[in-house]
Amino acid sequence: MLRQRSETAKKGSRRTKQEETIKKKVTRRWPLMSKPVDDVYLTWYYERPSYDVEEAVGMLKKFQELDFTNPKQYVYINVFLDMALQKKKKVDPFASTVLLPYRFTDEMNKVLVFTENEQEAEIARENGAAVVGGVELIKWILEDEIQVDFYVAVPAIMPKLIPLRSKLKRKYPSTKKNSMGHDIPKMLQLFREGLEYMVEGERLIKTRIARLDMPTEQIVANLKTVIHDICTFKPLTYGPFVQKLVIRSSTSEGLLLNLDGLLPQVEKVEEEKNAEDDEEKHVQEPAST
């Protein structure tokens, strides 16, 4: 009797496993198809279409005309990054300011210049600095009496600015961020007119790059400038830094972009270097007798 029950239990468990297997087979998803044949189709059966950047900008302009929306609306990009380096190391989240080839807004950032040299202070004022001064400004900044968008400094005053390091954090002047140096007009142009962007979360950058009524070639040039600046934060030898790039306007859906031709390439540089090394080897090799 016990034996009969155990056999019945085994048969029941086999049936359950078979049913589960059948269910798994039924719910299995087939690979997504590349392009639909018909005008009307279920989007989840197909891969998301991607477009060359010029084509995508043209589509955004067409959307605006069809929807009767503001032609001066902003154009945005969402950049998804591969932050992985070797082993378990990752690129730290970063922020940067880049000077675009084509400005799309009349807004100017407020920039404070740290210097104790009167001649340098005068140059800073002439080039549009919002605030200019030395150590006397530290107290006002710590007490939030002075608030600006960016801070730049000449090297001579840096040792006296250490009390501001924790207050200013990523906006603390440094040569790495191009916010410390002797060329005050150049620093002021970058931070007054430049576009600031930063990594949000772990790997996403969202930023505006242009206005939709600008010529397509200007929008594309601004986009390429931002992408090339982003790619400087990870060595090219680790592979492509940008995994996915989406462009949209204020009122449109996002369009996935083809990355071909948008990312800096390392192959050509390596090929040229290898060719030079081979040439040097041939020159150094002694003639056989």
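Quick look at the pattern of salt bridges
Per the counting criterion, the structure on display carries 10 salt bridges. Glu65 is the salt-bridge partner of Lys62, the closest N and O atoms lying 4.0 Å from each other. Here Lys62 pairs with Glu65, and both are found in helix α2 (residues 53–67), just three residues apart, close to one helical turn. Note on Lys62: relative accessible area 45%, which makes it partly exposed. Judged by relative accessible area, which is 48%, Glu65 ranks as partly exposed. Notably, a salt bridge pairs Arg125 with Glu118, separated by 3.4 Å at the nearest N-O pair. A residue is classified by how much of its surface remains accessible, and Arg125, at 43% relative accessible area, is partly exposed. The exposed category is assigned to Glu118, whose relative accessible area is 54%. Shared partners join several salt bridges into a network, and the residues in it are Lys72, Arg211 and Asp213.

Details of the sheet that holds strand β4 (residues 111–114)
Sheet architecture is open: three strands sit in the order β5-β4-β6, paired in parallel fashion. Because the sheet does not close on itself, it has two edges, and the strands there are β5 (131–133) and β6 (150–153). Within this sheet the neighbouring strands show an average axis-to-axis angle of 15°, counted without direction. Looking at chain direction, β4 and β5 are connected through three bridges and run parallel. Along β5, the bridge assignment pairs Phe114 with Gly133.

Thoughts on the packing of aromatic side chains
Within this structure, the stated rule accounts for five aromatic pairs. Between Phe94 and Phe241 the ring centres are 6.1 Å apart and the planes differ by 35°, which places this aromatic pair in the tilted class. In this pair, Phe94 is assigned in the loop between β2 (74–81) and β3 (95–98) and Phe241 in the loop between α7 (216–230) and β9 (242–249), connecting sequence segments 147 residues apart. With 6.4 Å between their ring centres and 15° between their planes, Phe114 and Tyr151 make a pair best called stacked. Highlighted residues: Phe114 in strand β4 and Tyr151 in strand β6, separated in sequence by 37 residues. Across the pair, Tyr151 and Phe114 agree in class, each one buried. A connected cluster of aromatic rings, assembled from ring pairs, spans Phe94, Phe233 and Phe241.

Describing the confidence of the model for the chain
The predicted model of the chain has a mean per-residue pLDDT of 85, with 76% of residues at 70 or higher. In the predicted structure, residues 278–289 sits below a pLDDT of 50 and forms zero contacts with residues beyond four places in sequence or in another chain.

A short note on the packing of helix α3 (residues 118–126) against helix α6 (residues 184–193)
In the contact formed by α3 and α6, the axes pass within 9 Å of each other and the chain directions differ by 35°. As α3 runs across α6, the sense of the crossing is right-handed. Across the interface between the two elements, Glu120, Ile123 and Ala124 from α3 touch Ile184, Pro185 and Leu188 from α6. Each residue belonging to the contact of α3 with α6 can be placed in one class, and the counts come to five nonpolar, no polar and one charged.

A look at α2
For α2, which comprises 15 residues, the first-to-last C-alpha distance of 21 Å matches the rise-based estimate of 21 Å (1.5 Å per residue) to within 8%. Buried residues of α2: Val53, Ala56, Val57, Leu60 and Gln64, and no others. Down the axis of α2, the sector holding all buried residues measures 100°, keeping them to one side. On its buried face, α2 sits against β1 (50–51), β2, α7, β9 and β10 (255–257). Following α2 by one or two positions, Phe68 has its phi on the positive side, about 55°.

What to know about the nonpolar core
The biggest cluster of nonpolar side chains holds 38 residues, and the ones touching the most others in it are Leu81, Leu223, Ile227, Ile230 and Ile247. The element contributing the most residues to this core is α7, with six residues. Residues within four places of Ile227 in sequence aside, it is in contact with Ile77, Val79, Val242, Leu245, Leu262 and Leu263. By size, the runner-up hydrophobic cluster in this structure holds 29 residues, among which are Leu137, Ala153, Val154 and Leu161.

Conventions adopted
As a convention, each chain's residues are numbered from 1 in the sequence order in which they are written. The predicted nature of this model means local features are confined to residues of pLDDT at least 70 and side-chain atom pairs, given and counted, to a pLDDT of 80 or more, with totals for whole chains, interfaces and linings taken over all residues. Only hydrogens and water are set aside when side-chain values are computed; all heavy atoms of the structure are taken into account. Salt bridges are identified by distance alone: a Lys or Arg side-chain nitrogen within 4 Å of an Asp or Glu carboxyl oxygen. Helix and strand definitions follow DSSP, with helices as H or I runs of at least four residues and strands as E runs of at least two, each counted in order from the N terminus. Relative accessible area decides the class of each residue, using a 1.4 Å probe on protein chains only: under 20% of the type maximum gives buried, over 50% gives exposed, and in between gives partly exposed. Strands are treated as partners if at least two bridges between them are detected by DSSP. To get an axis, a line is fitted to the C-alpha atoms, and for a helix only the part in contact is used. The angle between two axes follows their N-to-C directions and goes from 0 to 180 degrees. Pairing of aromatic side chains here covers Phe, Tyr and the six-membered ring of Trp, requires ring centres within 6.5 Å, and sorts the geometry by plane angle: under 30 degrees stacked, over 60 edge-to-face, intermediate tilted. For every residue, the pLDDT score states the predictor's confidence, bounded by 0 at the bottom and 100 at the top. Only heavy atoms matter for contacts: two residues are in contact if any of them lie within 4.5 Å across the pair. Note on convention: near helix rotated counterclockwise from far helix by under a right angle means a left-handed crossing. Clockwise means right-handed. Put simply, Ala, Val, Leu, Ile, Met, Phe, Trp, Tyr, Cys and Pro go in the nonpolar bin, Asp, Glu, Lys and Arg in the charged bin, and everything else, Gly too, in the polar bin. One less than the residue count of a helix, multiplied by 1.5 Å, gives the span that helix is expected to have. What the arc measures is the spread of directions leading from the helix axis to the C-beta atoms. Only buried Ala, Val, Leu, Ile, Met, Phe, Trp, Tyr and Cys residues count toward a nonpolar core, and they belong to the same one when joined by side-chain atoms within 4.5 Å.

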